[in-house]
Structure formats: C-alpha cells, structure tokens
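The primary structure of each chain is shown beneath.
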Amino acid sequence: VAGGEGCSTAGGCATCPFMKMNDLDAVQDIVDMIGRSSSDGSDTLQLQLNKHLPPNKLGGKQIDGRDAIDLGTEPIVYMREFMQSKKISDGLVERIEKMAM
C-alpha cells in the first residue's frame, strides 16, 4: 500500500472499520443503537456507538496544504467512480498527467 492512500500496510481493507460493516445485521444493530441512544440519552449506548467510529488520528492534519482525511478518501472515491462508470475518471487522469510532467 503506497503512503498517503489512507490505508495501512499493517492491515489494509480487511481491518478497515467501514469494510467490517458489510453485513445487514451489523448495520441494523447500529441503527437500533442510534435509535435507543437518541430516545433515552444513554451514555452507555453512546460509548458503544463511539467504538464503531473510525480512528481520528488524521483529524486536523494537513499534507501539502490539503486535509489529510480528504486525501485518504480520494482513492476510495476514484475506485467507486470506476466501478460505476467502468472507466477511469477524468479527474484522476488529469491528476496523473500533471504529476507526470
């Protein structure tokens, strides 16, 4: 995994908290917790929900003047665009061409 992609060579996609939420039962459990926490204001439920948040190590950090979290999500956005359109996005092609100059 190349640096700056927002992923870790220590685990990559398999350890990403977002990838672990790929089963409907797990998503429904979280939705249920959100409903319960908003109705009864339970601190315990809020703590359980906080465990499902991604790590915020990059919050507020900048890389070459850009938000580190935005940079980390770019590959995912490009991959999603490619999966939907079956072609590399014009924005990614432009970015690669600028870097090649």
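Here we summarise the structure given alongside this text. These figures come from a predicted structure and were not determined experimentally. Starting from 1, residues in each chain are numbered consecutively following that chain's sequence as written. Local features in this predicted model are restricted to residues of pLDDT 70 or higher, and side-chain atom pairs are both shown and tallied only at a pLDDT of 80 or more, whereas totals for entire chains, interfaces and linings draw on every residue. Each side-chain value is worked out from all heavy atoms of the structure, with water and hydrogens disregarded.

Thoughts on helix H3 (residues 68-85)
To keep things clear, this is the line we draw: Numbering of helices and strands starts at the N terminus; helices are DSSP runs of H or I of at least 4 residues and strands are runs of E of at least 2. By definition here, a helix of n residues has an expected span of 1.5 Å times n minus one. Two axes define the bend at a residue: one fitted to the seven residues ending there, one fitted to the seven starting there, and the bend is the angle between them. Note on exposure labels: buried denotes an accessible area under 20% of the residue type's maximum, exposed denotes more than 50%, and partly exposed covers the range between, all computed with a 1.4 Å probe on protein chains only.
For H3, which comprises 18 residues, the first-to-last C-alpha distance of 26 Å matches the rise-based estimate of 26 Å (1.5 Å per residue) to within 8%. By the largest-angle criterion, Glu74 marks the main kink of H3, which is about 30°, and a proline, Pro75, follows within four residues. Listed as buried for H3 are Ala68, Leu71, Gly72 and Glu74. Following H3 by one or two positions, Lys86 has its phi on the positive side, about 65°.

Brief notes about a nonpolar patch on the surface
Convention followed: Think of a patch as exposed residues, more than 30% relative accessible area, with no salt bridge, where like charges cluster within 9 Å and nonpolar side chains (Val, Leu, Ile, Met, Phe, Trp, Tyr) cluster within 5 Å. Accessibility throughout is a Shrake-Rupley quantity obtained with a 1.4 Å probe, and a residue counts as covered only by protein chains that appear here. Within this document, salt bridges are pairs made up of a side-chain nitrogen of Lys or Arg and a carboxyl oxygen of Asp or Glu, the two lying within 4 Å of each other.
A contiguous nonpolar patch, built from Ile76, Met79, Phe82, Met83, Ile88 and Val93 and spanning about 560 Å² of accessible area, is present on the exposed surface. Sorting elements by how many residues they give to the nonpolar patch places H3 first, with four residues. Turning to its location among the elements, Phe82 is positioned in helix H3. The partly exposed category is assigned to Phe82, whose relative accessible area is 40%.

Examining the side chain of Glu74
The following threshold applies: Residues count as neighbours in contact if any of their non-hydrogen atoms are within 4.5 Å of one another.
Mapping Glu74 onto the fold places it in helix H3. Under the relative-accessibility criterion, Glu74 is labelled buried at 15%. Beyond its immediate sequence surroundings of up to four residues, Glu74 is in contact with Arg66 and Arg95.

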